[in-house]
Each structure stands twice: as C-alpha cells, then as structure tokens.
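# Analysis of the macromolecular model
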Amino acid sequence: MKNLWISLKITLAMCIVLGVGYVLVLRGVSAVAGPNGGEADVVTLDGQIVGAANVGQSFTDSTHFWGRPSAVNYNGGGSGGSNKATTNPEYLAEVEQRVQDFLAAHPYLSRAEVPAEMVTASGSGLDPDISPRGARVQVRRVAEARGLNPAAVQRIVDSLTQKPWLGLFGTEKVNVLRLNVALEEMCKN
Amino acid sequence: MNTEILGVILQWTLLVVLCYPLGRYIAKVYRGERTWLDCMAPVERGIYKFCGIDPAQEMNWKQFLKALLTVNLFWFFWGMLLLVLQGWLPLNPDGNPGQSPDLAFNTCISFMVNCNLQHYSGETGLSYFTQLFVIMLFQFVTAACGMAAMAGVMKALAGKTTKTIGNFWVFLTRSVTRILMPLSLVVGILLVVNGTPMSFDGKQTLTTLEGAEQVISQGPTAAIVPIKQLGTNGGGYFGTNSAHPLENPNAFTNILECWSILILPMAMVFAFGFYTRRRRLAAWIFGVMLFAYTAGVIVSVWQETAGSPQIDRMGIAQELGSMEGKEIRIGSAASAMWGMTTTVTSNGSVNSMHDSQTPLSGMLQMLNMQINCWFGGVGVGWMNYFAFLIIAVFISGLMVGRTPEFLGRKVEAREMKIATLVVLMHPFLILVGTGISAAIAAANPEIGWLNNPSFHGLSEMLYEYTSSAANNGSGFEGLGDNTPFWNISTGIALIMGRYFPIVGQVAIAGLLASKKCIPESAGTLRTDTGTFSLMTFAVIIIVAALSFFPALALGPIADYLTF
C-alpha cells in the first residue's frame, strides 16, 4: 500500500519535472533558436506561404519539377509508406506503370536513365527531396514547358543541390519545393 | 568511398568512442559518487521529500521487485485512463477523440513495457496532452525502470555477500535526473535548431504552390524524439516515426538520432564493468555484442545499397540502392544501419519502412530481436545477456567438471531453472503467437490482415510477435494490426516479454548476492576470457537463433530465394 502511494506521488513529481520543466525549457529554446519559432519551417513566394520547407507536396504540372511517388498522396496531416515488399508481384506491376508514365512525360529519356527513386514511394510519403539525378532528368521537360533555356534551369538545380553534411556524410539532395519556387521567381524577372 | 558509407562509419565510431566514458559516468551515478551533475541533487531531494522516500533505506530483492511491479501497475491505470479520456482533456487543438478500450489497452501496455508498438498513428490517435503525460512520461520512466533494475543487479553482483540490492526509488529517480533528462535536453536542443517542431499550436493549414490545400501536423515533437531514442522506446511522434521529415529533418539529425538509440545500451555494458570492478569481463561482453551488431550492419548495408534484384530486372537506374520506403535525405546505407541499430536494442523506431527492405535485411532485423541481447534495451538488454551467461557458466562447468561459479558465487539448480525459463519464454511467445495467427489467416483468407502475399505475409506476422515479445515496437507496418485480436494478443506477449525476464533476472542476482563469496583460485572457471566469450556466443546462437530457424526459413529466407 505504501508502494502504491509512492507510485502516485513519484508519477506526479515526474510529470512536473518532465512534462512541465523539461518541455518548457525546450519550448523556450525553440522560440529563440528554432527556424520558425518552434513551428514547422515554411517557404514563401511573394510574401505568400506556399508550403513547409521540410514537408514534400504534390507536383503534377509539367512546368514544375516533380517529387517522388507518395503512398499517402502528400497528406501532411498523416504520413505513411506503401509497406510493399520488393518481391510482391502486384507492387512490381505498379512500379512498371510508374516507369511507363515517367517515360511518357519525358520521351527524351531511355529506360536505363529512369532513376529508381522517382518511381518508388518514400517512407514517410512526405519526402521533400529528390536526388540531383532525379532533378537532372526532368530539366529538359521543365525548360520546354516554360520556354526556357535548359542550361539556365540546370544552373538553378545546381545552385540548390545540397551537399552531404560537412561535405562528407550522407546523401546529396535537392528540395523540390525550393527548386520550384526559385523557378517561379526566375520566370517573373 | 561514397559519402553514404562514410556517414555509417562516422556513426559507428561515435558510438564506440563515447560509450566508454559514459559508462564510467553511469557507474558513478548509481554508486552515488560525485559527478558534474550534482546540481540536480536539490531536485532529487525535493522528489524524495514529496514522495516520502527514505533514500538511505536498502531493499532486498523481493522488496525491490515489489516496488518495481507496483509502480508499473499504477502506470497501467494512469495510462488507460488518460488515453480513453483524452478527447475531453486539455491540449487537444486538433480535436482528436479518445482511444477505443482495446487500442488503449495495447497502447498503454506497449508504452508501459518500454516497447512502443504503435497500432495508432500519432497525428490522429493522440492529443498533445497524452503525447506528453502518457507517451513521453512513460518513455522516461519505463526506461529508468529498466536501468534501475540493472543498477540493482549490478549492486547484487558487485562485492561481498549481501542481502540488499539498493533502493529502487533512488535508482529510478537518478536515472531520470542524471542520465536520461540531461542527455535528452542536449539532443532536443540540437533537433530544435535543425527544424524539428516544438509548439502547441496545432496543425498548420497552407496552400501549396499548385494551389492545393495541405495540412501539416506538428506539435511538441522535439521533446519526445530524444527520449524515444535514448530510452530505447521507439514510439514515434508521427506515424512514420523518424522517416517523417519533421521528426528527422536532415543527415545530421539522422546521425544524432541513430547514435542516441545505441549509446546508453552500449554504455551500460561498461557501467557494469566499472560498477563491479570487472572491466575485463565487461570488455569481452562488449566485444561479443559489438561483433554481432557490426556483422549485421555490414550485411544489411550491402543488401540495401545493392538494391532490389526485382527492380534491377526492370532495367531502370538503381544507383541509390533500394529506395522503396526510404527517404532521399537519409539514403539506403543509413536506413540499413538504423534498421540494425533499432533491432539490436529494443528501440523499434524506424527511419525507413522495414516491410519494404530487402528480405535478408528483414531477416537480420528479426534475428536481432529474437536473440534480444546484442546490447538490447537500456538495462534489460544487458540483463538478457546475463541470463545467457548463467547458462553458459553452467554448461561449461559441466563440460570441464568444475562447480559452476559466476563472479565468485555458486550457480545452482534454482538459478539455472529461472535462467532457462527466462530464455525459453521468448521463442515460446513468438512462435506460438505466429502459429496461431498464421492458422487464423490461412483459414480466413478474406480477413485482410496482410499487405503482401506468400512468404512475406508470414514474415509480417512473425515480425509483429517478435517485436512484441522483444519489447521492440517496430513493425512490418503493412500488417493491419489495429484489431482486437492483434491488440490483445500482442498486448499479452508484451507483458510476458517484459516482466517475466526482469523478475527472473533480478531474482537470480538477488539469490546469487546472498550466497557466500568463494575466493577465486586456479580451479575457478574464468569468465573474462575469449574462450568463455566464444562459449557464450555459441550458447546464444544455439538456444536463441536455432529455435527460430524453421520460422525464418519459411518467411524471409524463402522470400529471398524466390526471385
């Protein structure tokens, strides 16, 4: 019985130390040092918020760079992967369909040039990035749709390609939303 | 060498280098020696005073376990109540409803046993109140509970014959105030700076570049992620855990979070060495665990970076490896590394979808959890290894015709019986559970549990019970597991998988502690040698791995061979 009494009290004490103390310290730090005062960081175009920097969104227009397939159609209120096994025949048929669609939208590509990451779904369904190669293969389509010089579009891609951490660790990536926003800005000027 | 592999090597190095000094620090904390966090002493004194705990009071192993089990039982009711009622409680800006009783049962048990199997999705299944006062609270205190149990075992094995093994409440409190909370603060601050949200304002609604409306879930994420990793909990804030770009925004946070999974379980091995002044034994134990872990990492990284053979056959460019269920900013190598790290410990957080990893990686993940003692959960993982040590001592004792002894104490029939029961309970829970569910799924093909056909379908069920019994909490998430059958059956596996071993291991330590200490002589079987370590390794492989071989052959191995 004494143990039960201690259990209640120690749980309440921990609620205060952790649920209030620890949480408020972090909340305070985030208000000062977080990129958006503790909220998810956002990207703006002409002063308008057009998306969260770290959350991918759906791009289907031919004037935009596209992100990766998403099992939840970029629903930022949820998240989810396909959870398909790479040995599942139904899944492989789905990927084949995506390859066909990608080739139809980019007729100048050969099959061997289609990057696998552009036809496989991400883990979160909200992947904000594509690989530099995934961007490169789309440059000609975007340039043609906007009547731009492909070299100029490629320059934007290059300037927005993020190197691995400290130049040494991890992957190279391009944030699709920032890329498309930069594109919109260039077209306006 | 490519930068993805360099990232994996960096992480491995940071773990191995930093766990040693941290282990020494932890030993000091439990011995009550001076440390640089003595500034926490007033907080601790406040807690003892408020709760009516006498920190000087020593407990014998039965009192110790009674306190441990009572507080856990209390947490069960606490969690159940808050989860069912969360719809009416404050801090619920998204208006999420209370959980159904069977789901609340599963959630509550799984967080109480430090497992964090999640049959709900964080964005819609919890309010900010329950995220903080059930999920985060449990992530701290249940990890501390496992560490306290290990502190008791260390005290029992440390020195002279003793009836008492320390004060449970003191160990519990110190684990939070001096180890888990300070480390979590450091990790949390680094996450906040890198863009992990920490707010209470509810979902953001915004209009995308193409004019669609998008809702962004956020909340006090940065408070939960550090302890989810450090306490080997694994229950993500968002549904997809650390694959979610807000929970794990870039390559640096990925390295930091993955490091946080393993650092405490690794440090606990050395803490044992420093506490009991048997550093050689600790180093050998560490060596065996590190070898098994590293071997798994190498195979899995190779498998995932090589890509899926089925996708290869489609003739497209698979330069980045197998990317289904993985994120670009993380990459296939770091996803494979995480998959191994989260399953050798009882963590269970994920940064890629394990269901979509290649079959051999899936098999290694299951094998890690089935063995469940390559580092393992904070505190409890080392204790699982301890049970195997007792068995290895006994078997080698019989082989060379000497009285089995461990750390100067005779190992007798009673301890052996407990150790054997503890070790065999694990395969029993997993294989019986999988057997029953496979029979049900086969008899009712329309039941709709499985997301993938054939061998991989069996793997989904095998993985779920393995993860439950090992208190891991990751899943082959294609499994439709939020049904009363899965909620309740895995709930039972969770309870048995947690308390049975803890009670058994503390009891063994308590029994050993009260025995007469026999001075070591030339006739003593030394446990701090390579030969004995190899022997323990062999016992683990024979007992744990081979019990699961038939099930693995029907699941991932058959999956791998079906090209």
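Residues numbered from 1 in each chain as written. Chains lettered and ligands numbered in written order. Predicted model: local features only at pLDDT ≥ 70, side-chain atom pairs only at ≥ 80, totals over all residues.

Looking up chain B in an unreviewed UniProt entry gives the name Potassium-transporting ATPase potassium-binding subunit, with the organism given as Alistipes timonensis JC136. Under Subunit (unreviewed entry), UniProt gives the following word-for-word description of chain B: "The system is composed of three essential subunits: KdpA, KdpB and KdpC." Per UniProt, chain B has the following entry under Function (unreviewed entry): "Part of the high-affinity ATP-driven potassium transport (or Kdp) system, which catalyzes the hydrolysis of ATP coupled with the electrogenic transport of potassium into the cytoplasm. This subunit binds the extracellular potassium ions and delivers the ions to the membrane domain of KdpB through an intramembrane tunnel." (UniProt positions renumbered as here; feature names shortened; annotations may be inferred.)

Labelled according to an unreviewed UniProt entry, chain A appears under the name Potassium-transporting ATPase KdpC subunit, originating from Alistipes timonensis JC136. One UniProt comment on chain A, placed under Sequence similarities (unreviewed entry), says "Belongs to the KdpC family."

## Side note on the overall build of chain A
Tallying secondary structure elements over chain A gives 6 helices and 5 strands in all. Counting helices and strands in the order they occur from the N terminus, chain A gives α-β-β-α-β-α-α-α-β-β-α. Taking 189 residues into account, the globule formula puts the C-alpha radius of gyration at 16 Å, and chain A, at 22 Å, lies well above it. Principal axes of the C-alpha set define a box for chain A whose edges measure 75 × 50 × 35 Å. When each of the 189 residues of chain A is scored for burial, the buried share is 45%. Summarising the internal contacts of chain A: among those between residues at least 6 apart in sequence, 54% fall at separations of at least 24. (Helix = DSSP H or I, 4+ residues; strand = E, 2+ residues; numbered from the N terminus. Rg over C-alpha atoms; globule rule 2.2 N^0.38 Å. Buried ≥ 20, exposed ≤ 12 C-beta atoms within 10 Å, placed from the backbone. Contact = placed C-beta atoms within 7 Å.)

## Description of the overall build of chain B
When helices and strands are tallied, chain B shows 18 helices and 4 strands. A compact globule built from 563 residues should have a C-alpha radius of gyration of about 24 Å, and chain B, at 23 Å, falls within 12% of that. For chain B, the spread of C-alpha atoms along the principal axes amounts to about 75 × 55 × 50 Å. Within chain B, the fraction of its 563 residues that count as buried is 60%. Contacts in chain B between residues far apart in sequence, at least 24 positions, make up 79% of those at least 6 positions apart.

## Some points on the interface of chain A and chain B
Taken together, the contact between chain A and chain B spans 87 residues of the former and 102 residues of the latter. Elements represented by at least two residues in the side of chain A that touches chain B include exactly helix 1 (2-33), strand 2 (48-52), helix 2 (89-105), strand 3 (129-130) and helix 6 (176-188) of chain A. Here the side of chain A that touches chain B takes 22 residues from helix 1 of chain A, the largest share from any one element. Each residue belonging to the side of chain A that touches chain B can be placed in one class, and the counts come to 42 nonpolar, 31 polar and 14 charged. (Nonpolar A, V, L, I, M, F, W, Y, C, P; charged D, E, K, R; others polar.)

## Quick notes on helix 9 (residues 251-276) of chain B
All names here are of chain B. Over its 26 residues, helix 9 extends 38 Å from the first C-alpha to the last, a length consistent with the 38 Å expected when each residue adds 1.5 Å. Largest kink in helix 9: about 30°, centred on isoleucine 263, with the proline proline 265 one to four residues after it. Counting buried positions over the 26 residues of helix 9 gives 23, a clear majority of the element. (Expected span 1.5 Å × (residues − 1). Bend = angle between axes of the 7 residues up to and from the residue.)

## A look at the pairing of strand 2 of chain A
Here strand 1 (residues 42-45) of chain A runs beside strand 2 of chain A; their pairing, made up of 4 bridges, is antiparallel. When the bridges of strand 2 of chain A are listed, threonine 44 of chain A appears paired with isoleucine 49 of chain A. (Pairing = 2+ DSSP bridges.)

## Notes on the packing of helix 1 (residues 3-31) of chain B against helix 7 (residues 168-193) of chain B
Residue and element names in this part refer to chain B. Contact geometry for helix 1 and helix 7: axes closest at 10 Å, N-to-C directions at 140°. Classified by the angle their axes make, helix 1 and helix 7 are oblique. In this structure, the crossing between helix 1 and helix 7 has a hand that is right-handed. Touching Ile26, Val29 and Tyr30 of helix 1 are Phe171, Arg174, Arg178 and Ile179, all from helix 7. The class makeup of the residues in the contact of helix 1 with helix 7 is 5 nonpolar, no polar and 2 charged. (Axes fitted to C-alpha atoms, helices over the stretch in contact; angles between N-to-C directions. Parallel < 35°, antiparallel > 145°, perpendicular 65-115°, else oblique. Left-handed = near helix turned anticlockwise from the far one by under 90°.)

## Here we look at the environment of serine 124 of chain A
Among the structural elements, serine 124 of chain A can be located in the loop between helix 2 and strand 3. Judged by the 35 C-beta atoms lying within 10 Å of it, serine 124 of chain A is buried. In this structure, the C-alpha to C-alpha distance between serine 124 of chain A and asparagine 75 of chain A, residues 49 residues apart in sequence, is 10.0 Å. Residues within four places of serine 124 of chain A in sequence aside, it is in contact with Ser79 and Gly81 of chain A together with Thr240, Ala243, His244, Pro245 and Glu327 of chain B.

## Observations concerning the environment of glycine 231 of chain B
Residue and element names in this part refer to chain B. By the element assignment, glycine 231 lies in the loop between helix 8 (221-230) and helix 9. Here glycine 231 falls in the buried class, since 35 other C-beta atoms lie within 10 Å of it. Separated by 181 residues in the primary sequence, glycine 231 and phenylalanine 50 have C-alpha atoms spaced 25 Å apart.

## Observations regarding the sheet that holds strand 4 (residues 161-162) of chain A
Note: strands within a sheet are paired through backbone hydrogen bonds, in either parallel or antiparallel orientation. Residues and elements named next belong to chain A. Here we have 3 strands laid out as an open sheet, ordered 3-5-4, and antiparallel in their pairing. Sheet topology places strand 3 and strand 4 at the edges, where each strand pairs with a single neighbour. Looking at chain direction, strand 4 and strand 5 (residues 173-175) are connected through 2 bridges and run antiparallel. Its bridge partner lying in strand 5, threonine 161 is registered against valine 174. In this fold helix 6 packs onto strand 3 and strand 5, with an angle of close to 60° to the strand it touches most, strand 5.

## A closer look at the nonpolar core
Among the nonpolar cores identified, the biggest contains 184 residues, and Phe140 and Ile390 of chain B are the most heavily contacted of them. When residues of this core are assigned to their parent elements, the largest contribution, 23 residues, is made by helix 6 (residues 128-158) of chain B. Sequence-distant contacts of phenylalanine 140 of chain B, that is, excluding residues within four places in its chain, are made with Met14 and Leu18 of chain A together with Val176, Leu180, Ile227 and Gly231 of chain B. (Core = buried A, V, L, I, M, F, W, Y, C linked by C-beta atoms within 7 Å.)

## As for unusual backbone geometry
Not every positive phi belongs to a glycine, and asparagine 372 of chain B is a case in point at roughly 60°. Along the polypeptide, asparagine 372 of chain B turns up in the loop between helix 13 (359-371) and helix 14 (380-400).

## Remarks on helix 4 (residues 101-112) of chain B
An α-helix turns once per 3.6 residues; consequently, residues spaced three or four apart project the same way. All names here are of chain B. Along its 12 residues, helix 4 runs 16 Å from first to last C-alpha, staying within 8% of the 16 Å computed at 1.5 Å per residue. Here helix 4 lies mainly inside the structure; 9 of its 12 residues are buried. When helix 4 is considered as a whole, its buried residues turn out to be Ala104, Phe105, Asn106, Thr107, Cys108, Ile109, Ser110, Phe111 and Met112. Packed against the buried residues of helix 4 are helix 3 (61-85), helix 6 and helix 17 (484-513).

## Side note on the packing of helix 6 of chain B against helix 17 of chain B
In a pair of packed helices, the angle between the axes and the distance between the axes together describe the arrangement. Residues and elements named next belong to chain B. Relative orientation of the contacting elements helix 6 and helix 17 amounts to 20°, with a least axis distance of 8 Å. Compared by their axis directions, helix 6 and helix 17 come out roughly parallel. At the point where helix 6 passes helix 17, the crossing takes the left-handed sense. Across the interface between the two elements, Ala149, Gly152, Val153, Ala156 and Leu157 of helix 6 pack against Ile502, Gln505, Val506, Ala509, Gly510, Leu512 and Ala513 of helix 17. Of the residues belonging to the contact of helix 6 with helix 17, the class tally is 9 nonpolar, 3 polar and no charged.

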